[in-house]
Amino acid sequence: FNGAIILWDMRTGHHAFLQERGKGFVVNLRFAPDGSRLVSRVAFGSYWSIWDVESRHELGRFPIGRGSFFISTAWSPDGGSFAEADNHFSSPLE
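Conventions and cut-offs
Residues numbered from 1 in each chain as written. Predicted model: local features only at pLDDT ≥ 70, side-chain atom pairs only at ≥ 80, totals over all residues. Heavy atoms only, no water. Helix = DSSP H or I, 4+ residues; strand = E, 2+ residues; numbered from the N terminus. Buried < 20%, exposed > 50% of the residue type's maximum accessible area, 1.4 Å probe, protein only. Contact = heavy atoms within 4.5 Å. Areas by Shrake-Rupley, 256 points an atom, 1.4 Å probe, with all protein chains shown as cover. Salt bridge = Lys/Arg side-chain N within 4 Å of Asp/Glu carboxyl O. Polar contact = N/O pair within 3.5 Å; in protein donor to acceptor, adjacent residues only side chain to side chain.

Asks: Where do I start with the overall build of the chain in this structure?
Replies: Counting secondary structure elements, the chain contains 0 helices and 8 strands. The linear arrangement of helices and strands in the chain, starting from the amino end, is β-β-β-β-β-β-β-β. Counting across all 94 residues of the chain, residues that qualify as buried make up 30%. Sequence separation of at least 24 residues holds for 24% of the intrachain contacts in the chain that already meet a minimum separation of 6. Here the chain displays about 6400 Å² of accessible surface, and carbon together with sulfur accounts for 59% of that area.

Asks: What exactly am I supposed to notice about the pattern of salt bridges here?
Replies: Pairing between side chains of opposite charge can happen when their charged atoms approach one another. Under the definition given, this model contains 3 salt bridges. In this structure, R41 and E84 form a salt bridge, with 3.7 Å as the shortest nitrogen-oxygen distance. Of the two residues, R41 is situated in strand β4 (residues 37-42) and E84 in strand β8 (residues 82-86); the sequence distance between them amounts to 43 residues. Of the residues examined, R41 reaches a relative accessible area of 3% and is grouped as buried. Between R61 and E58 there is a salt bridge, and its shortest N-O distance comes to 2.9 Å.

Asks: Just to check I follow, could you spell out the environment of S36 for this structure?
Replies: Examined against the element boundaries, S36 turns out to sit in the loop between β3 (26-31) and β4. We classify S36 as partly exposed; its relative accessible area is 30%. A C-alpha to C-alpha distance of 8.5 Å links S36 and W51, two positions 15 residues apart in sequence. What S36 contacts, discounting residues up to four positions off in sequence, is W51, D52 and V53. There is a polar contact of 2.8 Å between the side chain of S36 and the side chain of D34.

Asks: Looking at this structure, how should I read the side chain of S40?
Replies: Inspection of the secondary structure puts S40 in strand β4. Side-chain polar atoms of S40 contact the side chain of W51, separated by 2.9 Å.

Shown next as structure tokens:
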């Protein structure tokens with residue numbers, strides 16, 4: 001539970017760190033449909049991180065929803081959007 005995100009090259013068996021230790025307990029990872037980006041979230045964090053898989057650099061961050069625990073996440077088929085469902089049980093229109 002050290003918070004590292006590790007990418008494994010299945011051809012060579014080698015790995016590379018995408019996120020070093022100490023960033024928090026990683027609770028979710030999702031690849032974009034084309035495999036070029038990865039989105040991650042740490043427990044009790046306030047943002048999602050988007051990573052470029054090839055360069056292993058963080059491309060940006062965006063805030064999480066209003067809940068404290070995610071239920072489901074998904075990329076759109078074209079990779080242009082990312083959705084999350086969380087445990088906040090009230091309407092966002094309040």
